[in-house]
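Examining the three-dimensional arrangement
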Amino acid sequence: MRCVIARFPFDLFKSEVMESMKGIKPEPVTGDSVVIGRRVYPVKQVGEVITRQDRRDFTSGEVTRALTRLGFTCRTADLPVPATAPTPLEAASAMLGSATAV
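In the annotation of an unreviewed UniProt entry, the protein chain is listed under the name SCO5918 family protein and assigned to Streptomyces sp. 900116325.

A few words now on the sheet that holds strand E5 (residues 73–75). The sheet built from three strands is open, its strands ordered E4-E3-E5 with antiparallel pairing. If you trace the sheet from one side to the other, it starts and ends with strand E4 (39–42) and E5, each paired once. On average, each strand axis in the sheet is tilted by 30° relative to the strand beside it, whichever way the strands run. Bridge count for strand E3 (residues 33–36) against E4 is four bridges, and the pairing is antiparallel.

The next subject is the pattern of salt bridges. Counted by the stated rule, this structure contains five salt bridges. Between aspartate 54 and arginine 56 there is a salt bridge, with the nearest N and O atoms lying 2.8 Å from each other. Residues joined by salt bridges that share partners form a network here, namely Glu27, Glu48 and Arg55.

Across the interface, helix H2 (residues 43–51) lies against helix H3 (residues 60–70) with an axial gap of 9 Å and an inter-helix angle of 75°. The orientation of H2 with respect to H3, classified from their angle, is roughly perpendicular. Facing Val43, Lys44, Val46, Gly47 and Ile50 of H2, the residues of H3 in contact are Ser60, Val63, Thr64 and Leu67. Class assignment for the residues of the contact of H2 with H3 results in five nonpolar, three polar and one charged.

Rules used in this analysis
Residues numbered from 1 in each chain as written. Predicted model: local features only at pLDDT ≥ 70, side-chain atom pairs only at ≥ 80, totals over all residues. Heavy atoms only, no water. Pairing = 2+ DSSP bridges. Helix = DSSP H or I, 4+ residues; strand = E, 2+ residues; numbered from the N terminus. Axes fitted to C-alpha atoms, helices over the stretch in contact; angles between N-to-C directions. Salt bridge = Lys/Arg side-chain N within 4 Å of Asp/Glu carboxyl O. Parallel < 35°, antiparallel > 145°, perpendicular 65-115°, else oblique. Contact = heavy atoms within 4.5 Å. Nonpolar A, V, L, I, M, F, W, Y, C, P; charged D, E, K, R; others polar.

Okay, here's the thing in structure tokens:
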């Protein structure tokens, strides 16, 4: 399959991607990931191996689209939503055990 990653065209095949990643230890996943065989790799690590480019040259979205089209299972990073601190009114209401009407 022909795809463009970091403005360069590549002819990628699923079997070649699997062969390229064989023997490579997965790094810890902190963002988007892809399942290749029984291992879960960061998308940027796979992109670096298959394109032989620096990770800063392409986005994880470019590699995710290409790998999805090849039939690999890709997962996006589920970032936790930061908790907001309660307002002083909410904190006081919680201490008193009553609900506030806002």
